[in-house]
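Chain by chain, the residues:
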Amino acid sequence: MTTTPTCLFLPGAGADPNFWRPLGERLPASWGKVYLGWPGLGHQPADPGVRGLEDLVGLVEAQMGDGPVDLLAQSMGGLIAMLVALRHPGRVRRIVLSVTSAGLDMKSLGAADWQATYHRNHPNAARWLSDVHADLSARLPQIACPVLLLWGDADPISPLAVGERLRDLLPDARLHVLAGGDHDLVYQRAAEIAPLVEAHLGQADD
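Computed from a prediction, not measured in an experiment: that's the story for all the values here. (Residues numbered from 1 in each chain as written. Predicted model: local features only at pLDDT ≥ 70, side-chain atom pairs only at ≥ 80, totals over all residues. Heavy atoms only, no water.)

## Remarks on the pairing of strand S5 (residues 147-152)
Looking along a regular strand, one sees side chains alternate from face to face of the sheet.
Stage number 1. Burial of S5 is extensive: six of the six residues sit out of reach of the surface.
Stage number 2. Because side chains alternate across S5, one face comprises the buried residues Val147, Leu149 and Trp151, and the other comprises Leu148, Leu150 and Gly152, equally buried.
Stage number 3. Across four bridges, the pairing between strand S4 (residues 92-98) and S5 is parallel. Residue pairing for S5: Leu97 is matched across the bridge by Leu149.
Stage number 4. Judged from the six bridges that link them, S5 and strand S6 (residues 173-178) form a sheet pairing that is parallel. Opposite Leu148, over in S6, you have Arg174 as the bridge partner.
Stage number 5. Crossover connection from S5 via helix H5 (residues 160-169) to parallel S6: handedness right-handed. (Buried < 20%, exposed > 50% of the residue type's maximum accessible area, 1.4 Å probe, protein only. Helix = DSSP H or I, 4+ residues; strand = E, 2+ residues; numbered from the N terminus. Pairing = 2+ DSSP bridges. Right-handed = clockwise from strand over helix to strand, strands pointing away.)

## A word on H5
Stage number 1. The set of residues buried in H5 consists of Val162, Gly163, Leu166 and Leu169. What you see down the axis of H5 is that its buried residues fit within an arc of 125°, all on one side.
Stage number 2. Those residues of H5 that are buried lie in contact with S5 and S6. (Arc of directions from axis to C-beta. Contact = heavy atoms within 4.5 Å.)

## Observations concerning the sheet that holds strand S2 (residues 32-35)
Stage number 1. Taken together, the six strands give an open sheet; going across it, the order is S2-S1-S3-S4-S5-S6, and neighbouring strands pair in parallel fashion. Bordering the open sheet on either side are S2 and S6, each of which pairs with just one other strand. Between one strand and the next, the sheet's axes are offset by a mean angle of 15°, whatever the strand orientation.
Stage number 2. Where strand S1 (residues 6-10) and strand S3 (residues 69-74) come together, four bridges link them in parallel fashion. What sits directly across from Leu8, in S3, is Leu71. (Axes fitted to C-alpha atoms, helices over the stretch in contact; angles between N-to-C directions.)

## Observations concerning unusual backbone geometry
Stage number 1. Of note, Val99 is a non-glycine position whose phi angle comes to about 35°, a positive value.
Stage number 2. Tracing the sequence through the fold places Val99 in the loop between S4 and helix H4 (115-121).
Stage number 3. Given a relative accessible area of 1%, Val99 falls into the buried group.
Stage number 4. Even without being glycine, Ala102 reaches a positive phi, approximately 50°.

## A word on the packing of aromatic side chains
Stage number 1. Using the criterion set out here, one finds four aromatic pairs in the structure.
Stage number 2. Taken together, a centroid distance of 4.6 Å and an interplanar angle of 15° make the contact between Phe9 and Tyr35 stacked. Note that Phe9 is positioned in strand S1 and Tyr35 in strand S2, a separation of 26 residues in sequence. By the burial criterion, Phe9 is buried, and Tyr35 matches it.
Stage number 3. In textbook terms, an aromatic cluster arises when at least three aromatic residues are bridged by ring pairs, as seen for Phe9, Phe19, Trp20, Tyr35 and Tyr187. (Phe/Tyr/Trp six-rings, centres within 6.5 Å; stacked < 30°, edge-to-face > 60°.)

## Points about the nonpolar core
Stage number 1. Trp38, Leu41, Ile80, Ile95 and Val197 are the most contacted members of the largest nonpolar core, which has 70 residues in total.
Stage number 2. In terms of residues, this core owes the most to one element, helix H3 (residues 76-87), which gives nine residues.
Stage number 3. Apart from the residues lying within four places of it in its own chain, the contact partners of Trp38 are Leu10, Pro11, Gly12, Ala15, Gln44, Leu56, Leu59, Val60, Met76 and Ile80. (Core = buried A, V, L, I, M, F, W, Y, C linked by side-chain atoms within 4.5 Å.)

## Digging into the pattern of salt bridges
Stage number 1. Applying the stated criterion across every chain, the model contains five salt bridges.
Stage number 2. Between Arg87 and Glu54 there is a salt bridge whose closest N-O contact spans 2.9 Å. One end of the pair, Arg87, is in helix H3; the other, Glu54, is in helix H2 (residues 53-62), and 33 residues separate them in sequence.
Stage number 3. In this structure, the salt-bridge partner of Glu192 is Arg189, at a minimum N-O distance of 3.0 Å.
Stage number 4. The exposure class of Glu192 is partly exposed, given its relative accessible area of 43%.
Stage number 5. Bridged by salt links that share partners, the residues Glu54, Glu61 and Arg87 form one connected network. (Salt bridge = Lys/Arg side-chain N within 4 Å of Asp/Glu carboxyl O.)

Given below as structure tokens:
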């Protein structure tokens, strides 16, 4: 049967809860939507209770409730989504990942180092971000739910090779490549991407 999903939108290190809104507002109005931000990252106010990646995972877990949810995650948010999905396999129904590491070794896949520029642009962002190094490659095949991978072919931060590697590792993943897409593709090209996301999340469950 088809369920009405509750969508949790996870931004990247920019941390802006509004990053996903242009896309989310194009999805059916009947779907529940929660736009998360990351305290202390980007230009978001700090929270003394948020001191590292594990606390961001906890923010997502606090929004999950009792029923299954769908996770939509960009960049660093994809790592958080994978950690949540591995921890709660029965509570994550479907996933959308865009230009993310999702716990892969990015340097080996040709990704550019983004952190120096990030901290210049966000001088007040928490410094613990530089200590985040997670390798989930051996665990990603455990994520059995359907995953839509959205990638551009012009993103130096998360190059197409990353999406291709995730497609190979995840048991039920489909990769869609946007010509000319850069790191903010779900924001800049929301009108183009929204039908793909709606089709993926709106499919009937077995």
